Amino acid sequence: MTTTPRTRGATVWLTGLPSAGKTTIARLLGARLKTEGHRVEVLDGDEIRRFLSAGLGFSREDRHTNVQRIGLVSEVLARNGVLSVVPVIAPHADSREAVRKRHDASETPYIEVHVATPVEVCSERDVKGLYARRAAGRLTGLTGVDDPYEPPVDPSLVLPTQRQTPQESADAVYAVLAERGLV
């Protein structure tokens, strides 16, 4: 069933450790929203880093710059009626807070979702082989292992992905959008 799309955009910011399930959830949510006729963009953190943030490393400053770039693109899209779904690690609370403030300044809805998968589960999933490379001594600075990850203090939603399917997680995010009148 196709519904009439709304013109109000929003940012759904999915933050969590590597291999937590952020991108999978974002793609499922994005597909549902598109099927319903909504204007939606999934701003995948890996794609953004490869193109918009090419040349940045993984220092705290570079990570902050990357998050701010993604936050700007997302806020502009959302301000212009697009549901922007953003699966990105964004390990530092101050960087995420700066993105939230950008949205607040333009009165654009911002929904922070903590994909709260324990590091042990992420390590088992190891979608990109990062944890294996870290264990073999071929990678340092892995977020949540030897580089900090600051979980959100007051997210709109916490997803315990070790206890629910990706579809259940995407449905929970959709429910928050519906509750706020954004879908």
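Cut-offs used in this document
- Residues numbered from 1 in each chain as written.
- Predicted model: local features only at pLDDT ≥ 70, side-chain atom pairs only at ≥ 80, totals over all residues.
- Heavy atoms only, no water.
- Axes fitted to C-alpha atoms, helices over the stretch in contact; angles between N-to-C directions.
- Helix = DSSP H or I, 4+ residues; strand = E, 2+ residues; numbered from the N terminus.
- Parallel < 35°, antiparallel > 145°, perpendicular 65-115°, else oblique.
- Left-handed = near helix turned anticlockwise from the far one by under 90°.
- Contact = heavy atoms within 4.5 Å.
- Nonpolar A, V, L, I, M, F, W, Y, C, P; charged D, E, K, R; others polar.
- Core = buried A, V, L, I, M, F, W, Y, C linked by side-chain atoms within 4.5 Å.
- Buried < 20%, exposed > 50% of the residue type's maximum accessible area, 1.4 Å probe, protein only.

1. Examining the packing of helix 1 (residues 22–35) against helix 7 (residues 166–179)
Thought 1: Running from N to C, helix 1 and helix 7 point in directions that differ by 55°, and their axes come no closer than 8 Å. Classed by the angle they form, the pair helix 1 and helix 7 counts as oblique. Crossing of helix 1 against helix 7: the hand is right-handed. On the side of helix 1, the interface is formed by Thr 24, Ile 25, Leu 28, Leu 29, Arg 32 and Leu 33, while helix 7 contributes Pro 166, Gln 167, Ser 169, Ala 170, Asp 171, Val 173, Tyr 174 and Leu 177.
Thought 2: Residues that form the contact of helix 1 with helix 7 fall into these classes: 9 nonpolar, 3 polar and 2 charged.

2. Quick notes on the nonpolar core
Thought 1: Counting residues in each nonpolar core, the largest one holds 30 residues, and the members touching the most others are Leu 14, Leu 29, Leu 33, Val 113, Val 173 and Leu 177.
Thought 2: Of all elements in the fold, only strand 1 (10–16), helix 1, strand 3 (83–87), strand 4 (110–115), helix 6 (130–135), strand 5 (157–159) and helix 7 reach the threshold of two or more residues within this core.
Thought 3: Of the residues forming this core, the biggest block, 5 residues, is contributed by helix 7.
Thought 4: Dropping the residues within four chain positions of it, Leu 33 is found in contact with His 38, Val 40, Leu 83, Val 85, Tyr 174, Leu 177 and Val 183.
Thought 5: If you look at the next biggest cluster of nonpolar residues, it comprises 10 residues, including Leu 43, Val 88, Ala 90 and Tyr 110.

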